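Fold and geometry: a report
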Amino acid sequence: MTAILEILGLRKKDYADYAQTSKGQFFDFPGGVHPPENKKQSSEIEIRELPLPEILVLPLGMHIGAPAKPLVKVGDRVMKGQCIAQAQGFISAHVHAPASGTVQAIELKPIAHQSGLDDVCVVIATDPTSTEIEFMAALNPDEVEPQVLMNRIHDAGINGLGGAGFPTNVKVSAKRPIQTYILNAVECEPYITADDRLMRERANEIVQGIQIVQRIVSPERTLIGIEDNKPEAIKALRTAIAEMQLVSTKDATIDVIVVPTKYPSGGEKQLIQNLTNKQVPKGKLSADIGVLCMNVGTVYAVQRAVYVGEPLISRITTLTGDAMGERGNVEVLIGTPISHVLNVANASSNELSRLVMGGPMMGFTLNSSDVPIVKTTNCIIAGTAQELPQPPQEQSCIRCGECEEACPASLLPQQLYWHSKHREFEKAESLNLIDCIECGACAFVCPSHIPLVQYYRYAKGEVRNIQAEAIKADKARERFELRKERLEREQAEKEARRKARLEKAKQKKAAGGQDSQQDSKVKALKKSMLAASQEYKNTVKAYKAADADGADNAEALRLAMEAAKAKAAEAKEAVRQANAGERASEMTELEKKQKQLVDMAINNKVLAAALKEIDANEEREDSDKSEEKTAKEAELKALQEQMLALKSEVKLLKAQDKAAANKESDVNNVNAKLDVNLKLAKAEAARAQKVFKEAKKALEAATKSGADNLDVLEQQVAKLKQVAGSELSKMMDLQKQMKESKS
Amino acid sequence: MALVHLSSPHLENENATNQVMLKLVLATLPAFAVLFYLFGWGVVTNLLIAVFSAWGFEALMLKLRKKPVWFYLKDNSALVTGVLIGLAFPPALPWWIIVVAVGFAVIFGKHLYGGLGQNPFNPAMLGYVLVLISFTAEMSRWIGPGLGMGFELTLVSGDSVGLLQTVFGGQLMPDAITAATYLDTYPTAFADLTQKSVQQTNAWVYVNVAFLAGGLLLLWQRVTTWHIPASFLAGLLAPIMVMIALGYSEPQSLILMAFSGATMMGAFFIVTDPVSAATSKHGRLLYGFSIGFIVFVIRQWGGYPDGVAFAVLLMNIAVPAIDYFTRPTAYGHVSAKSKKGES
């Protein structure tokens, strides 16, 4: 069959014999495509080092998981190998300084990401004169415990260098036993030769790295999956393994399995299927079926971390593309700006039309060359417009089925396309849209040039949005229903209270007796009040008339008027009290307090008005005035304080009422209580703060005017400050509690 | 330096839809040559009328649908429809029959459903079936497929009626025989065989071999996959082989089944129309086999002599159901039973 394919020109026969795949060792996987490889342009040149760039830009999220937390400040001096940002949480990785220098900035900078978004980066101005190095101590992997090796991987900030950048220490510390450890040396993307070159030149180190991982996870077997288009790397690996096994006493073997060149055989899931004939079930990890997959570059980094003590501060990256002047592979410091790389490699900025990070099938275009090389950057393609032309206009899908033949995940790409295009996301989901690995094989073969992957990404995003919306809507509905329930209950309670009052009034009327006695008392009081006010009015009239006439008895009339006024006020007060007494028996505590508050507010206004009046009254003596004024001010202040206290009491009562009402709803109970307490605490804190501030102001005023009771005042202020502080901390505690309970 | 910002992949296969279509047209060349040799210029007039009217209707519909005319004409799908209809008809057919067939195919079969890729039915077969059941007399008037006989038709002068008069003037061909078109020629040929009219039978074998050759070109160029042609032939030939084995039929009928009528044209050029076919590999196998079997049934017991067109249209309706039941198992969705088998 192979011979026929070769004759038909469907299969190239330029691979040496030892690279021949041997059937029975691999199982193949469905689909796949054969894009032009374009690897020779960079694979035949030795790895070279790049000169030190002036600055290094280190994003804190180069791995999957939580971003690292910076340990350095702007202006700090850092040494090569020093940990500058610490892993946060379980899935995270450290970041180290790739070269000595000074921290220039910690700020948002554009990074290489599909989204084109910025991320927090530590910018280091490098110091070319410095030779300081802060590496960890070298370890002998055979003499230390596996846990030590695992910690070392964590300390070295290693994450997967091949794809998504999953922290390696998390991978190797999987709880499940690993039967098969697979080294992914496939490198199936066109153009990229970083792993190829690394294997050719540093095969021994890679094998040592494999042995370190073997010691940690103790797999039953170890396989290296590699495509048959890398004969020299295969040879180098086999030689290194043979040498290693001569000196090693361990019986763990490493098998190099050569697989046919086919994109995307380097996809983790595809490689696992190809080598073990097992599929990673949907929603599970490879560890769940006892497989651990690791990239060549990652293993090399592990070897460096253990044998040299060097953290992950550099990697091998392929520089290629027709606009790249000097192609090949470079050992580049993490954080090196791509503009620096392009400069050194003499890239032609005139010809450069598309700058791709990663391979041409799954890599993403960069908007600018200012972004840095990160831990996962395996390739930079500086493509010309001829090499990577603009795609032709999208034509109609003719359902030819090429995409289905190419799909390595056995999906139905054209159906997914129809549904994605017509926004039938549920249908797309039911056709397992989420299992699409976005390898681009379908879009590559599409004769109508439909950007299928773009449609799938869009649909996936929409599906995620819809799911998020659904969750949000559910929560909102729950909240709304609880609120409605509460309002209805409150309404019902109010109604019940109203009815009760009505009933009581009726009873009162019916009973007559004692109640009517009280009623009549009030009525009598009212009558006397009216009479008193009438009398007062009369006296006022009389006085005014007498005054105008200049009568002799004006003064006497004035006195009478004053007396009448006092009497009227007294009568009024009596009525008011009687009324209050009557109503008080019906009022709840809250209502009483509210009433009181209203009264106080009126008083407050009255006092304030009086103060103003005093100020306005120019005729009076100054000393008199100030005396009265201070007295009134003090009164006003006291009243205000009382009011504040009362207000918070009212709030407390209200909140208690609310809490009591909420008790029935289980979901919000705890939160609501906390909420209430928090609100109370907030009010309390605000009040304390206000009091403290006022006191402070008073103190300042006193200091200015040189009063003698300064120390007392100071003490008071200090005390108030303390109170305010403690209230504030109480409130913060509550806030924290609230957050916890919510999460 | 303005950098292009595009979604991956950044590579494209050289494959293009208009080229796929063009290759399909080119692959009909051997069959065209044989038909021309057998029936003469009447084949050419058929083709020209069909192709130009297909382009005309396509352009008209694109204009009416406010689509870019030239961009969609370039995809060559109208050309394919025209060529297939042109080759399927009896030679020197009156022009209006062809125009009606092509018009129905392009307007009703394709654009009213939303254009290329949206049509549930094979447009060429829709047009063909429309005129087959509407103008039965004209559709079964074949000149004798004598070697070189057709060439006489080219002589417009002389005592015989000219080709152009037949096509455009409504004249009947004097030496036409009434026979089935080769999309439904099977029982006629079979009858001829029993009458030892070997010459006529041989003519159909030549046509079929030519279509087979074109079909192999398509497979080689990966314009189509083997699934549909192979399953179609299996569906057609397996039952007759069973009948032969059981003694219900003569061994020659196998050759007749395989190389008469529209067998090979259907297998490689009609049933394979991807737009109206099933999607998945398994679906395509089922789809092709079903069509083959229906053709066998129509040929053996049906009222129409052949029936590729009917079989195709019938199975077009069944495609959504086939697609539903033949979804491939996506990666990571392996069912529990196959897992058990592994462990």
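Rules behind the numbers
In this convention, every chain numbers its residues from 1, walking through the sequence in written order. By the order in which they are written, chains take letters starting at A while ligands take numbers starting at 1. In keeping with the model being predicted, local features are shown solely for residues with a pLDDT of at least 70 and side-chain atom pairs are shown and tallied solely at 80 or more, while totals for entire chains, interfaces and linings include all residues. Hydrogens and waters are ignored; side-chain quantities use all the structure's heavy atoms. Secondary structure is summarised from DSSP: a helix means a run of H or I of at least four residues, a strand means a run of E of at least two, and numbering begins at the N terminus for each. Under the scheme applied here, a residue whose accessible area is under 20% of the maximum for its type counts as buried, over 50% as exposed, and between as partly exposed, the area being computed with a 1.4 Å probe on protein chains only. Between two residues, a contact is recorded if the distance between any of their heavy atoms is within 4.5 Å. To be clear on the numbers: accessible area is Shrake-Rupley with a 1.4 Å probe, and residue cover counts the displayed protein chains and nothing else. Two parts lose some accessible area (1.4 Å probe) when they are put together, and adding that loss for both gives the buried area. Salt bridge, as used here: a side-chain nitrogen of Lys or Arg that lies within 4 Å of a carboxyl oxygen of Asp or Glu. Counted as a polar contact is a pair of N or O atoms within 3.5 Å, where, for protein atoms, one must be capable of donating a hydrogen and the other of accepting one, and residues adjacent in sequence contribute only when both atoms are in side chains. Under the grouping applied here, Gly and all other residues not named as nonpolar or charged are polar, the nonpolar ones being Ala, Val, Leu, Ile, Met, Phe, Trp, Tyr, Cys and Pro and the charged ones Asp, Glu, Lys and Arg. Any two strands with at least two DSSP-identified bridges between them are counted as paired. Take the residue count of a helix, subtract one, and multiply by 1.5 Å to get its expected span. Axes here mean lines fitted to C-alpha atoms, for a helix over just the part in contact, with angles spanning 0 to 180 degrees between N-to-C directions. To form a nonpolar core, buried Ala, Val, Leu, Ile, Met, Phe, Trp, Tyr and Cys residues must be joined to one another through side-chain atoms within 4.5 Å. What makes a patch is a set of residues exposed beyond 30% relative accessible area and free of salt bridges, joined within 9 Å when like-charged and within 5 Å when nonpolar (Val, Leu, Ile, Met, Phe, Trp, Tyr). Charged-residue counts in this description rest on Lys and Arg as positive and Asp and Glu as negative, His and the chain ends being excluded. Just so you know, the charge point we use is NZ for Lys, CZ for Arg, CG for Asp and CD for Glu. Cysteine sulfur pairs qualify as disulfides if the two atoms are within 2.5 Å. Any angle between 65 and 115 degrees counts as roughly perpendicular, while under 35 counts as roughly parallel, over 145 as roughly antiparallel, and the rest as oblique. Values of pLDDT, which run from 0 to 100, indicate the predictor's confidence residue by residue. The criterion for an aromatic pair is that two Phe, Tyr or Trp rings (for Trp, the six-membered ring) have centres within 6.5 Å, with stacked assigned to planes under 30 degrees apart, edge-to-face to planes over 60 apart and tilted to the rest. Any Lys NZ or Arg CZ found within 6 Å of a ring centre and within 35 degrees of that ring's normal is scored as a charge over the ring.

1. Structural notes on the overall build of chain A
Looking only at helices and strands, one finds 21 helices and 17 strands in chain A. The proportion of buried residues among the 743 residues of chain A is 46%. Within chain A, counting contacts between residues at least 6 apart in sequence, those at least 24 apart form 73% of the total.

2. Looking at the overall build of chain B
On a plain count of helices and strands, chain B comes out with 17 helices and two strands. Burial statistics for chain B: of 343 residues in total, 55% are counted as buried. Residue pairs in contact within chain B that sit at least 24 positions apart in sequence constitute 77% of those at least 6 positions apart. Of the roughly 14,600 Å² that chain B leaves accessible, carbon and sulfur atoms contribute 68%.

3. A closer look at the interface of chain A and chain B
Taken together, the 67 residues of chain A in the interface contact 47 residues of chain B. When chain A packs against chain B, the two sides together hide about 5,000 Å² of surface, and 53% of this comes from carbon and sulfur. When residues of chain A are sorted by the area they lose upon contact with chain B, A:Ile398, A:Arg399 and A:Glu405 head the list and together hold 13% of the total. For the interface between chain A and chain B, the tally reads three salt bridges. Two residues, A:Glu402 and B:Arg222, come together in a salt bridge whose shortest N-O distance is 4.0 Å. Linking chain A with chain B are 22 residue pairs in polar contact (both at pLDDT 80 or more). Top contributing element to the side of chain A that touches chain B by residue count: strand E15 (residues 352-357) of chain A, with five residues. Of the residues in the side of chain A that touches chain B, the class split is 30 nonpolar, 26 polar and 11 charged.

4. A look at the side chain of B:Asp323
Looking at the element boundaries, B:Asp323 is found in helix H16 (residues 308-325). Separated by 2.7 Å, the side chains of B:Asp323 and B:Thr279 make a polar contact. Residues within four places of B:Asp323 in sequence aside, it is in contact with A:Arg399, A:Gln415, B:Ala278, B:Thr279 and B:Ser280.

5. Structural notes on the pairing of strand E11 (residues 254-259) of chain A
Residues and elements named next belong to chain A. Most of E11 sits inside the fold, with five of its six residues counted as buried. Both strand E10 (residues 221-227) and E11 contribute to a ladder of six bridges, which runs parallel. Residue pairing in the sheet places Thr 222 in a bridge with Ile 254 of E11.

6. A word on the sheet that holds strand E6 (residues 95-96) of chain A
Residues and elements named next belong to chain A. The three strands lie next to each other as E3-E5-E6, forming an open sheet whose pairing is antiparallel. With one partner strand each, in any of the chains shown, strand E3 (69-70) and E6 form the two edges of the open sheet. Here two bridges tie E3 to strand E5 (residues 83-86), and the two strands are oriented antiparallel to one another. Each residue of the ladder has a partner; that of Lys 69, found in E5, is Gln 86.

7. Examining the pattern of salt bridges
All names here are of chain A. Summed over all chains, the structure comprises 27 salt bridges over all chains. The salt bridge involving Arg 327 is made with Asp 322; its shortest N-O contact spans 3.3 Å. Taken together, the shared-partner salt bridges in this structure form one network comprising Glu 44, Asp 196, Arg 200 and Glu 232.

8. Topic: the pairing of E10(A)
Residue and element names in this part refer to chain A. The buried count for E10 comes to six of seven residues, which makes it a mostly enclosed element. Where strand E9 (residues 180-184) lies against E10, five bridges are found, and the strand directions are parallel. Within E10, the residue paired with Leu 183 across the bridge is Ile 224.

9. Here we look at helix H6 (residues 95-108) of chain B
Residue and element names in this part refer to chain B. The end-to-end C-alpha distance of H6, which contains 14 residues, comes to 19 Å, matching closely the 20 Å that a straight helix rising 1.5 Å per residue would cover. Within H6 the residues assigned to the buried category are Ile 97, Ile 98, Ala 101, Val 102, Gly 103, Ala 105, Val 106 and Ile 107. Residues of H6 that are buried make contact with helix H3 (41-64), helix H5 (77-88), helix H7 (123-134) and helix H8 (136-139).

10. Description of the sheet that holds E9(A)
Residue and element names in this part refer to chain A. Read across the open sheet, the four strands follow the order E11-E10-E9-E12; overall the sheet is parallel. If you trace the sheet from one side to the other, it starts and ends with E11 and strand E12 (291-295), each paired once. Here the strands of the sheet are splayed against their neighbours by 25° on average, with no regard to which way each runs. Where helix H9 (residues 296-308) meets the sheet, it contacts E9 and E12, and its direction lies at approximately 85° from that of E12.

11. What about the nonpolar core?
Ranked by internal contacts, the top residues of the largest apolar core, which has 104 residues, are A:Val172, A:Ile206, A:Ile224, A:Ile226, A:Leu452 and A:Tyr456. Residue contributions to this core peak at eight residues, all from helix H6 (residues 203-217) of chain A. Counting 85 residues, the second-largest nonpolar core is a separate cluster that includes B:Ala54, B:Ile85, B:Ala101 and B:Val223.

12. Notes on a negative patch on the surface
Residue and element names in this part refer to chain A. A cluster of acidic residues, Glu 478, Glu 481, Glu 485 and Glu 488, forms a negative patch on the protein surface. Relative to the helices and strands, Glu 478 resides in helix H15 (residues 452-511). Judged by relative accessible area, which is 43%, Glu 478 ranks as partly exposed.

13. Points about the state of the cysteines
The full count for this structure, using the stated rule, is zero disulfides over all chains. Left unpaired, A:Cys403 is separated from the closest cysteine sulfur, that of A:Cys400, by 6.0 Å.

14. A short note on unusual backbone geometry
Excluding glycine, residues mostly carry a negative phi; peptide bonds, for their part, are mostly trans. With an omega of 0°, the peptide bond between A:Tyr263 and A:Pro264 qualifies as cis. Along the chain, the position of A:Pro264 falls in the loop between E11 and helix H8 (268-276). Of note, the amide linkage connecting B:Ser8 to B:Pro9 takes the cis form, showing an omega dihedral of 0°. In this structure, A:Tyr191 takes a positive phi of about 75° despite not being glycine. Among the secondary structure elements, A:Tyr191 is positioned in the loop between E9 and helix H5 (194-201). A relative accessible area of 2% places A:Tyr191 in the buried class.

15. Some thoughts on the environment of A:Ala686
With respect to the element layout, A:Ala686 can be found in helix H20 (residues 666-705). In this structure, the C-alpha to C-alpha distance between A:Ala686 and A:Glu727, residues 41 residues apart in sequence, is 8.5 Å.

16. Examining the packing of H6(A) against H9(A)
Residues and elements named next belong to chain A. Axis separation between H6 and H9 bottoms out at 8 Å; the angle between their running directions is 80°. With respect to their mutual orientation, H6 and H9 come out roughly perpendicular. Along the contact surface, H6 presents Glu 205, Ile 206, Gln 208, Gly 209, Ile 210, Ile 212 and Val 213, while H9 presents Val 296, Val 299, Tyr 300, Val 302, Gln 303, Val 306 and Tyr 307. Looking at the contact of H6 with H9, its residues break down into 10 nonpolar, three polar and one charged.

17. Examining the confidence of the model for chain B
All names here are of chain B. Put simply, chain B has an average pLDDT of 81, and 79% of its residues get 70 or more. Taking the mean pLDDT of every element in chain B, the minimum, 43, falls on helix H17 (residues 336-342) and the maximum, 94, on H6. Below a pLDDT of 50 lies the segment residues 147-160, which in the model reaches 25 contacts outside its immediate sequence neighbourhood of four places, other chains included. When the criterion is pLDDT under 50, residues 175-197 qualifies, and its contacts beyond four places in sequence or with other chains add up to 72 contacts. What the predictor reports for the complex is a pTM of 0.69 with an ipTM of 0.81.

18. As for the packing of aromatic side chains
All names here are of chain A. All chains considered together, the criterion is met by 14 aromatic pairs over all chains. In this structure an aromatic cluster arises from ring pairing among Tyr 417, Trp 418 and Tyr 455. Directly above the ring of Phe 29 sits Lys 262, whose terminal nitrogen or CZ lies 4.3 Å from the centroid.

19. Digging into a positive patch on the surface
On the surface, A:Lys647, A:Lys651, A:Lys654 and A:Lys690 cluster together into a positively charged patch. The topology assignment puts A:Lys647 in helix H19 (residues 622-662).

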